[in-house]
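Geometric and topological summary
One letter stands for each residue in the lines below.
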Amino acid sequence: MLHLQWQTPAEWGERAVRQMDEILLDHCHLEKKAASTALNFIFRYPEQPQLMQPLSELAREELEHFELVLETLNRNGMGYGRIRPSPYAGKLLSVVREREPERLLDGLLCCAFIEARSCERMKLLSEFLPEGELADLYASLLASEARHHRLYLDLAETVTCRSVVRDRCAEVGRHEAGVARGLPRTPRLHNR
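The following paragraphs examine the structure supplied in this document. Computed from a predicted structure; not experimentally measured.

1. Side note on the layout of surface pockets
What the largest pocket holds in volume is close to 800 Å³. Looking at the largest pocket, it is lined by 34 residues, and the ones nearest its centre are Lys33, Thr37, Ala89, Leu93 and Ile114. Listing elements by their share of the lining of the largest pocket, those giving two or more residues are helix H2 (20-44), helix H3 (49-75), helix H4 (88-92), helix H5 (102-128) and helix H6 (133-156). In terms of residues, the lining of the largest pocket owes the most to one element, H2, which gives twelve residues.

Here it is in structure tokens:
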């Protein structure tokens, strides 16, 4: 279960497959950012040893995905370059509280929702893309994205008790749903 409180309409997938050059480039940047985020937790929270190994492994896997999408871009003659990011993550992270340990908890939960939304969108892409390399790419990433979502939730439960995680997850989920519904319609993996 991905804990998403708003489901992306199928129409997003129909539009996205017509703009795959930009979606792929955005996706490549998102994989790089996901690796960086996992490493940032390691650097920011050395007093949380339970985070170190799982997030180190996650960072490596995210970099493998970055390389996979980068190879796909290059193979299809698209190339890698700058792209204006979606406002999704910035708006989502506005829910993060400033004091610890709430800040860590909220950061982990926001990452869980980012992974969940990515999983949902990749599923739509795998369904709407014609059979072939890109459809296979997105179908192959679904299990990883769902596992990353679960990892962040599990790590949140190492910071505080399950009931607090459950309650805060519901709050962050409501916030994420509002953010996802209110994004612009531009070709980005996390935009509307």
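The rest of the description comes next.
2. Quick look at empty space enclosed by the protein
Applying the stated rule across the entire model yields one cavity of 30 Å³ or more. Its boundaries defined by the atoms lining it, the largest cavity holds a volume of some 30 Å³. Looking at the largest cavity, the residues that line it are Trp12, Arg15, Ala16, Gln19, Ile23, Thr186, Pro187 and Arg188. Ranked by residues supplied to the lining of the largest cavity, first place goes to helix H1 (residues 10-16) with three residues.

3. What about the packing of aromatic side chains?
Counting across every chain of the model gives three aromatic pairs. Where Phe41 meets Tyr152, the ring centres are 6.2 Å apart and the plane angle is 50°; that geometry is what we call tilted. Separated by 111 residues along the polypeptide, Phe41 in helix H2 and Tyr152 in helix H6 bring together distant segments of the chain. By the burial criterion, Phe41 is buried, and Tyr152 matches it. Three or more aromatic residues joined by ring pairs make a cluster, and in this case those are Phe41, Tyr45 and Tyr152. Its end group placed over the ring of Trp12, Arg121 keeps NZ or CZ at 4.8 Å from the ring centre.

What counts as what
- Residues numbered from 1 in each chain as written.
- Predicted model: local features only at pLDDT ≥ 70, side-chain atom pairs only at ≥ 80, totals over all residues.
- Heavy atoms only, no water.
- 1 Å grid on protein atoms, 1.4 Å probe; cavity = no way out; pocket = protein on both sides within 12 Å on 5 of 7 lines; lining within 4 Å.
- Points joined across faces, edges and corners; volume = space filled by probe spheres on them.
- Helix = DSSP H or I, 4+ residues; strand = E, 2+ residues; numbered from the N terminus.
- Phe/Tyr/Trp six-rings, centres within 6.5 Å; stacked < 30°, edge-to-face > 60°.
- Buried < 20%, exposed > 50% of the residue type's maximum accessible area, 1.4 Å probe, protein only.
- Lys NZ or Arg CZ within 6 Å of the ring centre and 35° of its normal.

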